[in-house]
Amino acid sequence: MTAIRIETDSLGEVKVPSDKLWGAQTQRSLEHFSIGEDLIPREMIVAYAVLKKAAAIVNHQAQRLGDEQKNLICQVCDEILAGQHVDQFPLHVWMTGSGTQFNMNVNEVISNR
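Fair warning: this is a prediction, and the values are worked out from it, not measured in the lab.

### Re the confidence of the model for the protein chain
Stage number 1. The share of residues in the protein chain with pLDDT of 70 or more is 97%, and the mean pLDDT across the chain is 93.
Stage number 2. Mean pLDDT across the elements of the protein chain ranges from a minimum in helix 1 (residues 24-32), with 92, to a maximum in helix 3 (residues 67-81), with 98.

### Re the side chain of Asp9
Stage number 1. Within the element layout of this structure, Asp9 appears in strand 1 (residues 4-9).
Stage number 2. Take Asp9: its relative accessible area is 18%, and that puts it in the buried class.
Stage number 3. A polar contact of 2.9 Å, which involves the side chain of Asp9, links it to the backbone nitrogen of Leu11.
Stage number 4. Here Gln25 takes part through its side chain, which lies 2.7 Å from a polar atom of the side chain of Asp9.
Stage number 5. Leave out the neighbours within four places in its chain, and Asp9 touches Ala24, Gln25 and Arg28.

### Re the pattern of salt bridges
Stage number 1. Within the structure shown, the criterion is met by four salt bridges.
Stage number 2. A salt bridge links Asp78 to Lys53; the nearest nitrogen and oxygen atoms lie 2.6 Å apart. With Asp78 in helix 3 and Lys53 in helix 2 (residues 42-61), the pair connects residues that are 25 residues apart, well separated along the chain.
Stage number 3. Between Arg113 and Glu79 there is a salt bridge, with its nearest N and O atoms 2.9 Å apart. One end of the pair, Arg113, is in the segment after helix 4 (100-112); the other, Glu79, is in helix 3, with 34 residues separating them in the sequence.
Stage number 4. Arg113 gets classed as partly exposed once you look at its relative accessible area, which sits at 42%.

### Considering the packing of helix 2 against helix 3
Stage number 1. Look at helix 2 against helix 3: their axes get within 9 Å of each other, and the N-to-C directions meet at 160 degrees. By the angle between their axes, helix 2 is roughly antiparallel relative to helix 3. When the axes of helix 2 and helix 3 are compared, the crossing they make is left-handed. Where helix 2 approaches helix 3, its residues Ile45, Val46, Ala49, Val50, Lys52, Lys53, Ala56, Ile57 and His60 are matched on the opposing element by Asp67, Lys70, Ile73, Cys74, Cys77, Asp78, Ile80 and Leu81.

### Thoughts on the pairing of strand 1
One face of the sheet, then the other: side chains in a regular strand alternate in exactly this way.
Stage number 1. The pairing of strand 1 with strand 2 (residues 12-17) spans six bridges and is antiparallel. Note that in strand 2 the partner of Ile6 across the bridge is Lys15.
Stage number 2. Once strand 1 ends, the chain turns through two residues before running back antiparallel as strand 2.

### Examining unusual backbone geometry
Stage number 1. One non-glycine residue with positive phi stands out, namely Gln63, at about 60 degrees.
Stage number 2. The topology assignment puts Gln63 in the loop between helix 2 and helix 3.
Stage number 3. The phi dihedral of His85 falls on the positive side, at around 70 degrees, and the residue is not glycine.
Stage number 4. Mapped onto the fold, His85 is located in the loop between helix 3 and helix 4.

### Focus on the environment of Asp38
Stage number 1. Mapping Asp38 onto the fold places it in the loop between helix 1 and helix 2.
Stage number 2. Note: C-alpha distance between Asp38 and Gln69 (31 residues apart in sequence) is 33 Å.
Stage number 3. Residues in contact with Asp38, not counting those within four places in the same chain, are His92, Val93 and Trp94.

Calculation notes
In this convention, every chain numbers its residues from 1, walking through the sequence in written order. Reporting in this predicted model follows two pLDDT cut-offs: at least 70 for local features of residues, and 80 or more for side-chain atom pairs to be given and counted; totals over whole chains, interfaces and linings ignore these cut-offs and use all residues. Side-chain numbers come from the whole structure's heavy atoms, not from hydrogens or water. Along the chain, pLDDT gives the predictor's confidence residue by residue, from 0 to 100. Comment: elements are numbered from the N terminus, with helices defined as DSSP H or I runs of at least four residues and strands as E runs of at least two. Relative accessibility under 20% of the residue-type maximum defines a buried residue, over 50% an exposed one, and the middle range a partly exposed one, all with a 1.4 Å probe and only protein chains included. Each polar contact in these results corresponds to two N or O atoms within 3.5 Å; when the atoms are within protein, one needs to be able to donate a hydrogen and the other to accept it, and residues that are neighboring in sequence are counted only if both atoms are side-chain atoms. The contact definition used throughout considers only heavy atoms, calling two residues in contact when any of these lie within 4.5 Å. Salt bridges are identified by distance alone: a Lys or Arg side-chain nitrogen within 4 Å of an Asp or Glu carboxyl oxygen. What counts as an axis is a line fitted to C-alpha atoms, over the stretch in contact for a helix, and the angles between N-to-C directions run from 0 to 180 degrees. The labels follow the angle: roughly parallel below 35 degrees, roughly antiparallel above 145, roughly perpendicular from 65 to 115, and oblique for the rest. Crossing handedness: left-handed means the near helix sits turned counterclockwise from the far one by under a right angle, and right-handed means the same turn made clockwise. Here, a strand pair is defined by DSSP locating no fewer than two bridges between the strands.

The following block contains the structure:
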């Protein structure tokens, strides 16, 4: 049996495998929307890493994000762009239409890394 950790969000507690970088939102999506075999296209992971890195840089330049936070976000985004952490993006294409769950998956991986 895989070790778990307990994550808490606005809906309460959820069990997440302790060896994963994702959090409660991603885990809930996996539990409720694991429909079909098609995962989020890998190109989306790269696109979001570029977007999150750019947002960190711009927010740092606007003095809304400190040096350490910007550097850490950029470091993880660079790791993702280098092909690391691919297994941390397990969501299926067939989830809710807004893309919020995938966006949260990326946020959780960045913040937990």
